[in-house]
Amino acid sequence: MTSVALRGRAWKLLEMVTTPLLPSDYLDLVSPLRAGADLRGRIEAVHPETGDAATIVIRPGRGWRGHTAGQYVRIGVDVDGVRLWRAYSITSPTNRQDGRVTITVKAIPDGKVSNHLVRRAKPGTLIQLDQATGDFVLPQTKPAKVLYLTAGSGITPVMGMLRDTEFDDVVMVHSAPQPHDVIFRSDLHELVADKKLRLTEVHTDTDGMLDIARLDELVPDWAERETWACGPAGLLDAAEKHWSDHGIPERLHTERFRPSIVAAGDGGEVTFSTTGKTVDADGATPLLDVGEEAGVLMPSGCRMGICFGCVTPLKAGAVRDLRTGEITEAEPGVLIQTCVSAAAGPCDIER
Ligand SMILES: Cc1cc2nc3c(=O)[nH]c(=O)nc-3n(C[C@H](O)[C@H](O)[C@H](O)COP(=O)(O)OP(=O)(O)OC[C@H]3O[C@@H](n4cnc5c(N)ncnc54)[C@H](O)[C@@H]3O)c2cc1C
Ligand code: FES
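Residues numbered from 1 in each chain as written. Chains lettered and ligands numbered in written order. Predicted model: local features only at pLDDT ≥ 70, side-chain atom pairs only at ≥ 80, totals over all residues. Heavy atoms only, no water.

**Focus: the overall build of the chain**
- In terms of regular secondary structure, the chain is built from 9 helices and 17 strands.
- Across the 351 residues in the chain, those meeting the buried criterion constitute 46%.
- Contacts spanning at least 24 positions in sequence make up 65% of the contacts within the chain whose residues lie at least 6 apart.
- Accessible surface for the chain amounts to roughly 17700 Å². Of this, 51% is attributable to carbon and sulfur atoms. (Helix = DSSP H or I, 4+ residues; strand = E, 2+ residues; numbered from the N terminus. Buried < 20%, exposed > 50% of the residue type's maximum accessible area, 1.4 Å probe, protein only. Contact = heavy atoms within 4.5 Å. Areas by Shrake-Rupley, 256 points an atom, 1.4 Å probe, with all protein chains shown as cover.)

**Some details on the packing of helix α4 (residues 155-164) against helix α5 (residues 185-193)**
- For the pair α4 and α5, interaxial distance at closest approach is 12 Å and the crossing angle is 40 degrees. Between α4 and α5, the angle is such that the two are oblique. In this structure, the crossing between α4 and α5 has a hand that is left-handed. Seen from α4, the contacting residues are I155, M159, L162 and R163; seen from α5, they are D187, L188 and L191. (Axes fitted to C-alpha atoms, helices over the stretch in contact; angles between N-to-C directions. Parallel < 35°, antiparallel > 145°, perpendicular 65-115°, else oblique. Left-handed = near helix turned anticlockwise from the far one by under 90°.)

**Brief notes about helix α3 (residues 112-120)**
- Those residues of α3 not exposed but buried are V113, S114, N115, H116, L117 and V118.
- Buried residues along α3 sit in contact with β1 (40-50), β2 (53-60), β3 (72-79), β4 (82-89) and β5 (101-106).

**Regarding the pairing of β2**
- By the criterion of burial, β2 is predominantly enclosed, with 7 of the 8 residues buried.
- Pairing geometry for β1 and β2, over 8 bridges, is antiparallel. For A45, the partnering residue across the bridge sits in β2 and is V57.
- Of the pairings in the sheet, the one linking β2 to β5 comprises 6 bridges and is antiparallel in character. Looking at the pairing, T55 lines up with T104 of β5. (Pairing = 2+ DSSP bridges.)

**A word on the sheet that holds β1**
- On the basis of which strands lie adjacent, the open sheet formed by 6 strands has the order β4-β3-β6-β1-β2-β5 and antiparallel pairing. Edge positions in the sheet fall to β4 and β5, since each of these pairs with one other strand and no more. Pairs of neighbouring strands in the sheet enclose a mean axial angle of 40 degrees, with direction left out of account.
- Both β1 and strand β6 (residues 126-129) contribute to a ladder of 3 bridges, which runs antiparallel. Looking at β6, one finds that G41 is bridged to I127.

**Notes on the site of ligand 1**
- Among the 22 residues in the neighbourhood of ligand 1, the closest are listed as R86, A87, Y88, S114 and R258.
- A distance of 3.0 Å separates an oxygen atom of ligand 1 from a polar backbone atom of K112.
- In the environment of ligand 1, an oxygen atom lies 2.9 Å from a nitrogen or oxygen atom belonging to the backbone of V113.
- In the complex, the protein chains occlude 80% of the 900 Å² of accessible area that ligand 1 would expose alone.
- Elements that contribute at least two residues to the shell around ligand 1 include exactly β4, β5 and α3.
- Looking at which element gives the most residues to the shell around ligand 1, the answer is β4, with 4 residues.
- Two domains each provide a minimum of three residues to the shell around ligand 1, namely domain 2 (40-129) and domain 4 (268-349). (Near = heavy atom within 4 Å. Polar contact = N/O pair within 3.5 Å; in protein donor to acceptor, adjacent residues only side chain to side chain. Domains from an automatic or database assignment.)

**A short note on the sheet that holds strand β8 (residues 170-176)**
- The strand order across the open sheet built from 5 strands is β9-β8-β7-β10-β11, with neighbouring strands paired in parallel fashion. With one partner strand each, in any of the chains shown, β9 (198-203) and β11 (252-255) form the two edges of the open sheet. The average angle at which neighbouring strand axes cross in this sheet is 15 degrees, direction not considered.
- Pairing geometry for strand β7 (residues 146-151) and β8, over 6 bridges, is parallel. Paired with T150 across the two strands is H174, which belongs to β8.
- Across the sheet, α4 is in contact with β7, β8 and β10 (226-230); its angle to β7 comes to roughly 145 degrees.

Here it is in structure tokens:
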């Protein structure tokens, strides 16, 4: 008998004697980051960045395949006994010597996961990890001139890029309410002192929101620059319009943390048939939120329509895609993304 076949038999035997728990469950207790286990990570440190933001240092398990600067990772965190998934941009460089990765989280009012990570997460905690993904990344060929246009926590993917790749000519325009709200402020000022970055900080409490037309004055050659932008919807919508109006939409790359919701309609009664719950929902609230609010266990990831971590069968009725207004009606095998779909009349979601 080959050693592989032997190992297979030994494993089967172990499965029999450890029933109902499987050997992998026992191994999870002693070696949760081992190769072959579901991908996990261990929080090793939490470093405050500002009053409401912190960098979380994570040691990924063996299956981690690395990332490209600018990408994000989905993480599953247990908050009050419920596993919640969220997406966070990776802020560490790709060549970090100790193999750790960092995410930097800003706590938002009433935010379940962000407040947990910033204020309560403890070193030693295990979290679930997905592989890094996302196409908000730098191109293979370095552009001659770069502009980073960011606001608030939108600085995170760009910090991952700044730490990873040097350019001869890179300018950043970053908005935050006040100087002490600027995440990574001292790192940015070090780069400025080393002449690796030109930085304009817009402090919105005193300067007001950045009017995108001000780019002419702040960065006169903005149109010649390959631009990466990340921040609230208002900034990104304005930037997309500005770049389009100037006929250069392909020079602007954007990353959104939340979906742009354009179409809401009438809601309806939503049944979660597996759980046996029925609730009234308006036509603007994503079914993911409706389900979570009703105490239904809903899978999720990015919560903005890009990762497909929330797909669920639509058993009956109709839903509206909040990004496009498109209506999907129930048919056998029809799956919907609950994070960007709202009730369009009565519907039954298989959860
Ligand atoms: C690709 C991607 C990358 C991301 N990278 C980062 C990152 O690097 N750092 C970071 O801090 N966040 C990042 N986010 C946002 C993050 O995934 C969560 O949405 C955020 O932490 C809020 O989660 P929560 O559980 O605290 O809030 P929830 O409990 O889900 O929501 C609480 C309330 O806040 C609203 N809300 C949800 N998200 C936001 C938001 N982003 N801004 C304002 N209001 C919101 C909800 O509608 C709800 O009313 C990223 C999102 C995506 C899609
Ligand atoms: S949670 Fe990512 S697509 Fe819905």
